[in-house]
Structure formats: structure tokens, C-alpha cells
Amino acid sequence: SSSPACSWWPRGGSSPIGLPGVATDRTVYPTTDATIPPYDPTANRDRRALWGLKRGFETGIGETTGGADNSSRYESKLTERYRRRWLEWVDRCVDDEPRCLSLGETDGGVAGYVFLLPERLSFVWDAAVVHELYVVPEERGEGVADALFERAIEVAEGQALPLDRLLLDVDRDNERARRFYERYG
């Protein structure tokens, strides 16, 4: 029930969305007041926030696609065991590539995240892969998703992969997300 989408950029060139120059990992993007720091697996605040966002991502999929059966299926997988295993996997990914996971922070706190697979896992597709991008509903439309996606593209451009493309998967019923990614090509 999902369809792949791709963005292309020339190696050594600029991304199709014109990334701003990035001086630090706390760049403030011009379209939003959000900052996009890398996820810190040693910070309890980041771990708690990331898990809360992951729950929102999973339950949001269940609520918006596939009806009540799908919603309960997504909710039922979010056990303590799943949380522990998922965060351990995230830690291994961040150990491989520290900038593969970034948070979107606003005055209201952590509002979203983007998770780009580390280069060694992306090599399966010969391309960079956006694993997940999520923004809390109250911050949607405020530029946070754009800043997160731009960070993913920036990190992807630094990966030494055979193809100059960025892959992601979007549920065909998620019209808002499809429109967002279509703006990027």
C-alpha cells in the first residue's frame, strides 16, 4: 500500500531544493525557527522524545491508512520489548553514522525527526534511504518537515553510494505526505 518516491541530485552539485549553507549541526532554516540537531543517544531527553515521536509516527500510520484493523495492529506492536529493540537498533545506526538521525526542535520542544539509513544499510539499494520522517500534527505546515528533509538530503549527499538518488516510501493513502515529497521532485 505504499509507493516509492525519489529525489535526484548531481554528485558534488546542489540539491534540487537549494540547501542553505550549513555551518553547524544547529542550523536555523529560513522557513522556520526550528533547529535540527543530531539525535544524541546518550541524552535521556532525546531518547524519550524520539520514542514519543516514533509512537506518533506508528499510530498515525495506523489511524490514517487501512482502517481500524490497521490502527490496532500498529498500536499492538508498540510494546516495551519493541521500544527497547528499536532504540538499540537506532543506537547501532547512530554509531555507524552519527548524523543519520536528526530531531526538529521548536520553542514547543522536540517536534519531529528524520531518520536516514546509515550508508552501510543504504548500499542495499545503491542509494540513500529516508527511513522515517515525522512531525507532530500541531507543527505541520510550519516548515519543520522541510528543515528535516533538507537535513536528510544534506547527510545523503555525504554518503558514498553508487547512485545519486534518495529513496523513500510513502503510503498511497497519505495525501499530505505525498504532496510534500512531490514538491521535492
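The following paragraphs examine the structure supplied in this document.

**Concerning unusual backbone geometry**
Then step 1. Positive phi, normally seen in glycine, also occurs at Asp126, with a value near 60°.
Then step 2. Structurally, the position occupied by Asp126 is in the loop between helix H4 (119-122) and strand S4 (128-135).
Then step 3. Residue classification places Asp126 among the partly exposed residues on the basis of a relative accessible area of 30%.

**Describing helix H5 (residues 144-157)**
Then step 1. The terminal C-alpha atoms of H5 lie 20 Å apart, and with 14 residues this matches the ideal 20 Å at 1.5 Å per residue to within 8%.
Then step 2. Within H5, 13 of the 14 residues are buried, which leaves the element mostly enclosed by the surrounding structure.

**A word on empty space enclosed by the protein**
Then step 1. Per the stated rule, a full pass over the model turns up one cavity of 30 Å³ or more.
Then step 2. Taken as a whole, the largest cavity holds about 30 Å³ of empty space.
Then step 3. Arg99, Cys100, Leu101, Ser102, Val114, Leu116, Arg151, Ala152 and Val155 are the residues that line the largest cavity.
Then step 4. Of all the secondary structure elements, the ones that give two or more residues to the lining of the largest cavity are strand S2 (101-106), strand S3 (109-116) and H5.

**Concerning the pattern of salt bridges**
Then step 1. The tally for this structure, following the rule as stated, stands at 13 salt bridges.
Then step 2. Measuring nitrogen to oxygen at the nearest pair gives 2.9 Å for the salt bridge that ties Arg183 to Asp146. On the criterion of sequence distance, the pair formed by Arg183 in the segment after helix H6 (175-182) and Asp146 in helix H5 is long-range, its members being 37 residues apart.
Then step 3. By relative accessible area, Asp146 is classed as buried at 16%.

**Focus on the side chain of Gln159**
Then step 1. Residue placement: Gln159 occurs in the loop between H5 and strand S5 (165-171).
Then step 2. A distance of 3.1 Å separates a polar atom in the side chain of Gln159 from a polar atom in the side chain of Glu97.

**Considerations on the pairing of S2**
Then step 1. Among the six residues in S2, six count as buried, and that is most of the element.
Then step 2. In S2, alternate side chains face the same way, and those of Leu101, Leu103 and Glu105 on one face and Ser102, Gly104 and Thr106 on the other are all buried.
Then step 3. Hairpin connection between S2 and S3: a loop of two residues separates the two successive antiparallel strands.

**Section: the environment of Arg83**
Then step 1. Tracing the backbone through its elements, the reader meets Arg83 in helix H3 (residues 80-96).
Then step 2. A relative accessible area of 25% means that Arg83 is categorised as partly exposed.
Then step 3. Residues Arg83 and Trp51, 32 residues apart in the sequence, show an inter-C-alpha distance of 7.3 Å.

**Remarks on the nonpolar core**
Then step 1. Among the nonpolar cores identified, the biggest contains 25 residues, and Leu116, Val130, Leu133, Leu148, Phe149, Leu166 and Tyr181 are the most heavily contacted of them.
Then step 2. When residues of this core are traced back to their parent elements, those giving at least two are S3, S4, H5, S5 and H6.
Then step 3. The leading source of residues in this core is H5, at nine residues.
Then step 4. Discounting residues that sit within four places of it in the chain, Leu116 has contacts with Cys100, Ala128, Val129, Val130, His131, Ala152, Val155, Ala156, Gln159 and Leu166.
Then step 5. Counting residues in each nonpolar core, the second largest holds 21 residues, with Ala49, Leu87, Cys100 and Val136 among its members.

**Digging into the packing of aromatic side chains**
Where two aromatic rings form a pair, the distance of their centres and the angle of their planes describe that pair.
Then step 1. Tallied over the entire structure, the rule returns nine aromatic pairs.
Then step 2. Considering the side-chain rings of Trp51 and Trp86, the 6.0 Å spacing of their centres and the 55° angle between planes classify their relative orientation as tilted. Taken together, the positions of Trp51 in helix H1 (residues 44-64) and Trp86 in helix H3 put the pair 35 residues apart, joining distant regions of the chain.
Then step 3. Aromatic rings pair up to connect Phe149, Phe180, Tyr181 and Tyr184 into one cluster.

So, how was this worked out
Residues numbered from 1 in each chain as written. Predicted model: local features only at pLDDT ≥ 70, side-chain atom pairs only at ≥ 80, totals over all residues. Heavy atoms only, no water. Helix = DSSP H or I, 4+ residues; strand = E, 2+ residues; numbered from the N terminus. Buried < 20%, exposed > 50% of the residue type's maximum accessible area, 1.4 Å probe, protein only. Expected span 1.5 Å × (residues − 1). 1 Å grid on protein atoms, 1.4 Å probe; cavity = no way out; pocket = protein on both sides within 12 Å on 5 of 7 lines; lining within 4 Å. Points joined across faces, edges and corners; volume = space filled by probe spheres on them. Salt bridge = Lys/Arg side-chain N within 4 Å of Asp/Glu carboxyl O. Polar contact = N/O pair within 3.5 Å; in protein donor to acceptor, adjacent residues only side chain to side chain. Pairing = 2+ DSSP bridges. Core = buried A, V, L, I, M, F, W, Y, C linked by side-chain atoms within 4.5 Å. Contact = heavy atoms within 4.5 Å. Phe/Tyr/Trp six-rings, centres within 6.5 Å; stacked < 30°, edge-to-face > 60°.

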